[in-house]
Amino acid sequence: MFSDQYLFQFIIFFILLMSIPTFILSQFLTSPYGKHYRSNSGTTISPPFAWFLMESPTLWLTLLLFPFGQNHTNPLAYILISPFLLHYINRTIIYPIKLSQKTTNGNFPLHIALTGFVYNILNAYIQTRWVSHYANYDVDKWFWFRFVGGFVVFAIGMMMNVWADGVLVGLKSQGGGYKIPRNGLFEYVSSPNYLGEVMEWLGWALMTWSWAGLAFFVYTCSNLVPRAVSNHKWYLEKFGEDYPKSRKAVIPFLY
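Residues numbered from 1 in each chain as written. Predicted model: local features only at pLDDT ≥ 70, side-chain atom pairs only at ≥ 80, totals over all residues. Heavy atoms only, no water.

A.B. asks: Explain the domain arrangement of the chain to me, please; I cannot follow it from the model alone.
C.D. replies: We note that the domain assignment places domain 1 (32-140) and domain 2 (141-254) within the chain. Each of domain 1 and domain 2 was reduced to a C-alpha centroid, and the two centroids are 17 Å apart. Taken together, the 29 residues of domain 1 in the interface contact 34 residues of domain 2. Taken together, the two surfaces of domain 1 and domain 2 that pack against each other cover about 2,900 Å², and 66% of this comes from carbon and sulfur. Our count for the contact surface shared by domain 1 and domain 2 stands at 3 salt bridges. Where aspartate 140 meets arginine 146, a salt bridge forms, and the shortest distance between an N and an O atom there is 2.5 Å. At the boundary of domain 1 and domain 2, one finds 14 residue pairs in polar contact (both at pLDDT 80 or more). (Domains from an automatic or database assignment. Contact = heavy atoms within 4.5 Å. Buried area = accessible area lost by both parts, 1.4 Å probe. Salt bridge = Lys/Arg side-chain N within 4 Å of Asp/Glu carboxyl O. Polar contact = N/O pair within 3.5 Å; in protein donor to acceptor, adjacent residues only side chain to side chain.)

Given below as structure tokens:
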């Protein structure tokens, strides 16, 4: 018999479990989009449409499921889901628009976009169901303490992520191929956009204080940290002695 709670728990376990092979495989294979694109990557679509397609479930599925949760009339549930929606309004709508305005070339493998689409369906489901249905706000005496603390981490991470994406898109719009990003956090790490996103979902895990939030954070790390390392190696190979040797991949001064 179908059980929403069973499905909810199964997806959390599945995402946590898949973090292990994702991290291991990412040590040897880098998803072929952006600077890692390969001509043999199969059918491609435009990057702006790819980002819109694969991120879109985080908006439409969240809005579809939220009214069916037992917390759908609780103001705290709306407050808690707001940072999640804020990030994905930017990632699903604003970022693709900026990308389409600044760049006209590039290819994004369709299979990568579809994989991201499926993952975001699963992730949006567990995040939304936790906030709108399974979280018990009536007995959570630490809600505001965790929310404020987590939101500070989230907000700092999102500002870093949006700023770094803006710098990278701006460099693409100049034409002439890839360039070395300069200034700000780029003087410390090669991928401050990924550092920012990791911080966002760490903040989200603190705000929700849930297995769903933890699964999201763990999978984000398993996916983005190895990609940041691959980006760092790519910059070093492409620019050689011109690339700042003091930069780390994703964590300033450490890694």
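Once the structure has been displayed, the description carries forward.
A.B. asks: Is there a simple way to think about the nonpolar core in this case?
C.D. replies: It is characteristic of soluble globular proteins that their nonpolar side chains tend to be buried jointly. Grouped together as the largest cluster of nonpolar side chains are 33 residues, with contacts concentrated most on Ile126, Val131, Tyr137 and Trp204. Broken down by secondary-structure element, the contributors of at least two residues to this core are helix H1 (4-26), helix H3 (57-65), helix H4 (75-102), helix H5 (110-134), helix H6 (143-173), helix H7 (192-208) and helix H8 (211-239). No fewer than three residues from each of domain 1 (32-140) and domain 2 (141-254) sit in this core. Excluding residues that lie within four positions of it along the chain, isoleucine 126 makes contacts with Phe8, Ile11, Ile12, Ile15 and Ala212. (Core = buried A, V, L, I, M, F, W, Y, C linked by side-chain atoms within 4.5 Å. Buried < 20%, exposed > 50% of the residue type's maximum accessible area, 1.4 Å probe, protein only. Helix = DSSP H or I, 4+ residues; strand = E, 2+ residues; numbered from the N terminus.)

A.B. asks: Hey, could you run me through the pattern of salt bridges in this one?
C.D. replies: As a working rule, side chains carrying opposite charge can pair if their charged atoms are close by. This structure, assessed with the given rule, holds 6 salt bridges. For arginine 129, the salt bridge is made with aspartate 4, and the minimal N-O distance between the two is 3.0 Å. Here arginine 129 is found in helix H5, whereas its partner aspartate 4 is found in helix H1, with 125 residues between them in sequence. The same class applies to arginine 129 and to aspartate 4, which are both buried. Between arginine 91 and aspartate 165 there is a salt bridge; the shortest N-O distance is 2.8 Å. Of the two residues, arginine 91 sits in helix H4 while aspartate 165 sits in helix H6, which places them 74 residues apart along the sequence. Across this residue pair, the class does not change: arginine 91 and aspartate 165 are buried.

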